[in-house]
Amino acid sequence: MLSERMLSTVIRTMTGQILNLKPTQETRMPDPVPGQSYMLYMHVPFCERLCPYCSFNRFPFREDKARHYFQNMRKEMAMLKEQGYDFDSVYVGGGTPTILIDELCETIDQARDLFSINEVSSETNPNHLVPKYIEKLEGRVQRLSVGVQSFDNGLLKQMDRFDKYGCGEEILERIAYAAPHFTSLNADMIFNFPAQTEEILMADIEKVVMSGCTQTTFYPLMASPSVERSLARTVGKVDYDREYKFYQIIDGILAGGDKPLFEHGSAWTFNRIVEGSAKAGESAGKRQSLAHENETGMIDEYVVEYEEYPAIGSGGITYLGKNLYVNTFSVAEYNQAIESGRMSLMSKTTFNRRNRMRYRFMMQLFGLRLDKKQFKRDFGCSVEAGLPAEMAFMRANKAFATDNADELTLTPFGRYLTVVMMRQFFIGVNNLRDQARAALSGEERELIFGDGGVDAGKKPCQAAADDLVAAAVAAPAAATAAGDAVVEAVSPAEAEQA
């Protein structure tokens, strides 16, 4: 598809310009702006085993190291409190945040003691959807996001998830058990995997509906240019020509027809419609408001509601004001920084006015509605004057369902174009993570790339190649993580323009 190829090529070039991080000597995040609403992102970089498709900052689980890390993350939270920060919402990503359930609970409890927390979101894996975990999370976590990727046993084996997290049937049963215990239970899925047929995709969608989850996120497969050849040799070549067709299938089954079962929470997130909370024909905004009133539809990508957010923990990525900060990917360096009374900021980049406008454009359209009046109030110009090329492209491709003095909303094809843009930005962030991971040294490098860690028995070069393949299939959970969403929206061609 010409429009998809054009977008992918342009944004691939732009992310190379935008992700121009430089070392920083700053030891604290910028102070909060009075009256500004913030969300707090926490990163827990430990997993029982490292999945071969994940590019987030993660290390093999060792209990002593993980407990030490949680303690320092709580110290870092206290630093933010001392700076005057308050938070409405917390998102805990990973890694596997539930890897040490008692430490996670203590961390969440401290966050509630320190800040004005209304809701907590956390990621987890299917093997943790069991009573001893659910009983501790219930009441502490309102939204639980579960990395499913697929219910198809063949795909689960190909993704190295079958032995670790169970067969599709078992995962389905565990979601059904866990869902009633949370305000929102999200099932993270992947579509357009090379071996995935339309029949497999439709079966996955059917199981999502059957599972009882209140929300599902269908991420497109994300294969960065640096690893496309490795990906082709291992799991097959990514076919972007069929991506739109797969997206149409997902959209049509979940949110199509006169009486849809789900509605869009974002371009790739679907919230289950609870009987009595929505009526066919009502606007998405009206239905979303009703769903919120009935506590059924917490939004998946927190950046839609929170434009700025600090991130704590190793590998966290912060967006505040004009600046993007990256925390060190080394857990050892992170611990040293916190214990010396400073934060672990490793590098930063500053966005110019045009890129901040693009950030707003991307994020609000991803959230299905751009507020034109707010845009003009914040930037001093209309979106048409500030972003003429972007508006011309979207209008030429009939991306807007509403385009008036107040707002922009999206057509189904417009939502897909937003998915394409987000996919390419995520790929750019995955490349950034690969670079940060490559800088690890000593024991930490051995754990990730060497013979002594999770990849035992592999030569370092083979493990490194596997890790590159990992970046290709990364499904950015919950939003992934904080940094994903930031850079996704920072954007195009004039990244070097002051």
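Residues numbered from 1 in each chain as written. Predicted model: local features only at pLDDT ≥ 70, side-chain atom pairs only at ≥ 80, totals over all residues. Heavy atoms only, no water.

Things to note about the sheet that holds strand β17 (residues 400-403)
Piece 1. The antiparallel open sheet is built from three strands, whose spatial order is β16-β18-β17. The open sheet has two edge strands, β16 (369-371) and β17, and neither has a second partner. The sheet shows a mean angle of 10 degrees between the axes of neighbouring strands, direction not considered.
Piece 2. Bridge count between β17 and strand β18 (residues 407-410): three bridges; the pairing is antiparallel. Looking across to β18, one finds that D403 is bridged to L408.
Piece 3. Packed on one face of the sheet, helix α14 (residues 372-379) meets β16, β17 and β18 and runs near 45 degrees to β16.
Piece 4. Sheet strands in contact with helix α16 (residues 388-396) are β17 and β18, and its direction is about 125 degrees off that of β17. (Pairing = 2+ DSSP bridges. Helix = DSSP H or I, 4+ residues; strand = E, 2+ residues; numbered from the N terminus. Axes fitted to C-alpha atoms, helices over the stretch in contact; angles between N-to-C directions. Contact = heavy atoms within 4.5 Å.)

Here's the deal with α16
Piece 1. All buried positions along α16 are accounted for by E390, M391, F393 and M394. Down the axis, α16 shows its buried residues gathered within 160 degrees of arc, on one side only. For α16, exposure combined with an orientation more than 90 degrees from the buried face picks out A389 and A396.
Piece 2. Where α16 terminates, the next one or two residues include K398, which has phi positive at roughly 55 degrees. (Buried < 20%, exposed > 50% of the residue type's maximum accessible area, 1.4 Å probe, protein only. Arc of directions from axis to C-beta.)

A short note on the nonpolar core
When a protein is soluble and globular, its nonpolar side chains tend to lie buried together.
Piece 1. Core analysis: the largest hydrophobic core is formed by 133 residues, its most contacted members being L40, M42, L185, F218, F361 and M394.
Piece 2. Looking at which element gives the most residues to this core, the answer is helix α17 (residues 412-438), with twelve residues. (Core = buried A, V, L, I, M, F, W, Y, C linked by side-chain atoms within 4.5 Å.)

What to know about the sheet that holds strand β8 (residues 184-191)
Piece 1. Strands sit in the order β10-β11-β9-β8-β7-β6-β5-β2-β12 across an open sheet of nine strands; the sheet is mixed. Only two strands of the sheet have a single neighbouring strand rather than two, namely β10 (262-264) and β12 (311-312).
Piece 2. When strand β5 (residues 89-94) meets strand β6 (residues 119-124), the two strands line up parallel, connected through four bridges. Bridged to S89 within β6 is E119.
Piece 3. Strands β2 (39-44) and β12 of the sheet are contacted by helix α2 (residues 63-82), whose axis makes an angle of about 160 degrees with β2.
Piece 4. Docked against the sheet, helix α10 (residues 243-255) engages β8, β9 (215-220), β10 and β11 (269-272), running at close to 130 degrees with respect to β10.

Points about the side chain of R360
Piece 1. Its place among the elements puts R360 in helix α13 (residues 353-366).
Piece 2. Take R360: its relative accessible area is 6%, and that puts it in the buried class.
Piece 3. Within the structure, the side chain of R360 is placed 2.8 Å from the side chain of E307, a separation counted as a polar contact.
Piece 4. Setting aside residues no more than four positions away along its own chain, R360 makes contact with E307, L370, Q374, F375, D378 and F379. (Polar contact = N/O pair within 3.5 Å; in protein donor to acceptor, adjacent residues only side chain to side chain.)

A word on the pattern of salt bridges
Piece 1. For the coordinates displayed, the defined rule picks out 24 salt bridges.
Piece 2. Of the charged contacts, one joins E4 and R423 as a salt bridge, the two residues approaching to 3.1 Å between their closest N and O atoms. Of this pair, E4 sits in helix α1 (residues 2-18) while R423 is found in helix α17, placing the two residues 419 residues apart along the sequence. Neither residue differs from the other here; E4 and R423 are each classed as buried.
Piece 3. Note that D403 and R395 form a salt bridge whose closest N and O atoms lie 2.7 Å from each other. (Salt bridge = Lys/Arg side-chain N within 4 Å of Asp/Glu carboxyl O.)

Thoughts on the environment of M346
Piece 1. Structurally, the position occupied by M346 is in strand β15 (residues 345-350).
Piece 2. Spatially, the C-alpha atoms of M346 and N327 are 5.1 Å apart, while their sequence positions differ by 19 residues.
Piece 3. Discounting residues that sit within four places of it in the chain, M346 has contacts with K22, P23, T24, V326, N327 and T328.

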